[in-house]
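Survey of secondary and tertiary structure
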Amino acid sequence: MQQVARRALLFAPLASPALAQRFPDRSIRVLLPWTPGGATDIQVRSISDIASRILGQSVVVENRPGASGTLGAQHMAREARPDGYTIGQMPLGVFRLAAMMRAASMAPPYDPLGSFTWIIRTVGYMGGVVVRPDAPWQTMAQLVEHARRNPGEVFYGTPGANTTDVVMRRLARIAGVEWTAVPFRGAAPNLQALLGGQIAFSCETSAWADMVLEGRLRLLAVYTDRRAERFPNVPTLREAGWDVASDSSYGFAGPRGMEPAVVLALHDAFKAALHDPAHLAVLRRFDFQLRYLDSEGYANFAAVANQEEIATVQEMGLRLGG
């Protein structure tokens, strides 16, 4: 696939080789649609810092939380120039929100496939269900049973509407329970609410990992397809008896119409940064998994993910605002 991208340069406009030689000649902005301090924020800042050294220009991460993690995509689709100097982290929520809006007969603010240039897929989340250490539930089964006895009275936090609550909605339907999602603007406020006793549990990506290791939180289950290396005694939801799993792979994209030479320069820099030892240490810290795909492979993945999210919206009956 890498050879395909390189061959594309041969057929690009004559200006492209010159463009590749001078790109980048100023700072690159990475739009991150989550609050500072979470696992995604730390991972994206790590890979961006390393990529900046490879590119010879600053790669500046700009947090834009809100709208279920789609504000960065909305900005790129509406306002950013396709020159490679504004790119963004692309969560699966980009596809999900568009599908939900179409289901509600609304026009999405972007085309989830046509509005973007797919640069590189990088990693997949590891996430799970955490409670405070003084919570009465030692296992996920105990938490589910508590929710079954108290329908609608168990509140849990997510990093945004229609994010990890989709995992919990699927679990609730399978397990026959009713609990209530409380969306926050990222991992940090979600976990702060849990520590403060405002919610019963958090369904969150692995920003909680250090707090679990320190004994400040208890991990009941992970919702990936296999156990986390640093928490080998904690079961997956599937092992606990419910067929629910998600790793939510993501990467970087830019506005549609980017020059192939610019895409290739960004791809190569972020690929090298992805495998850098310093970045791999961050992945181990949060139990992220490598999910590398080149530009062509990522575009193909996006097409499949878009169809899967459309199916999820239809299956789960997801609607805006609830």
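Most of strand S10 (residues 249-255) is tucked away, with seven of its seven residues classed as buried. Note that strand S3 (residues 86-90) and S10 share three bridges and pair antiparallel. Considered in S10, the bridge of Met-90 is made with Gly-251.

On to the confidence of the model for the protein chain. Per-residue pLDDT for the protein chain averages 91, and the proportion of residues at 70 or more is 93%. Every residue in residues 1-15 is under pLDDT 50, and counting partners more than four places away or in other chains gives 18 contacts.

On to the sheet that holds strand S7 (residues 180-183), then. As summarised here, the arrangement of the five strands in space is S7-S6-S8-S5-S9, forming an open sheet in which the pairing is mixed. Each having just a single partner strand, S7 and strand S9 (218-222) make up the two edges of the open sheet. Pairwise comparison of adjacent strand axes, ignoring direction, gives a mean angle of 30 degrees for this sheet. By the bridge criterion, four bridges tie strand S6 (residues 155-158) to S7 in an arrangement that is parallel. Looking at S7, one finds that Gly-157 is bridged to Val-182.

Cut-offs applied
Residues numbered from 1 in each chain as written. Predicted model: local features only at pLDDT ≥ 70, side-chain atom pairs only at ≥ 80, totals over all residues. Heavy atoms only, no water. Buried < 20%, exposed > 50% of the residue type's maximum accessible area, 1.4 Å probe, protein only. Helix = DSSP H or I, 4+ residues; strand = E, 2+ residues; numbered from the N terminus. Pairing = 2+ DSSP bridges. pLDDT = per-residue confidence, 0-100. Contact = heavy atoms within 4.5 Å. Axes fitted to C-alpha atoms, helices over the stretch in contact; angles between N-to-C directions.

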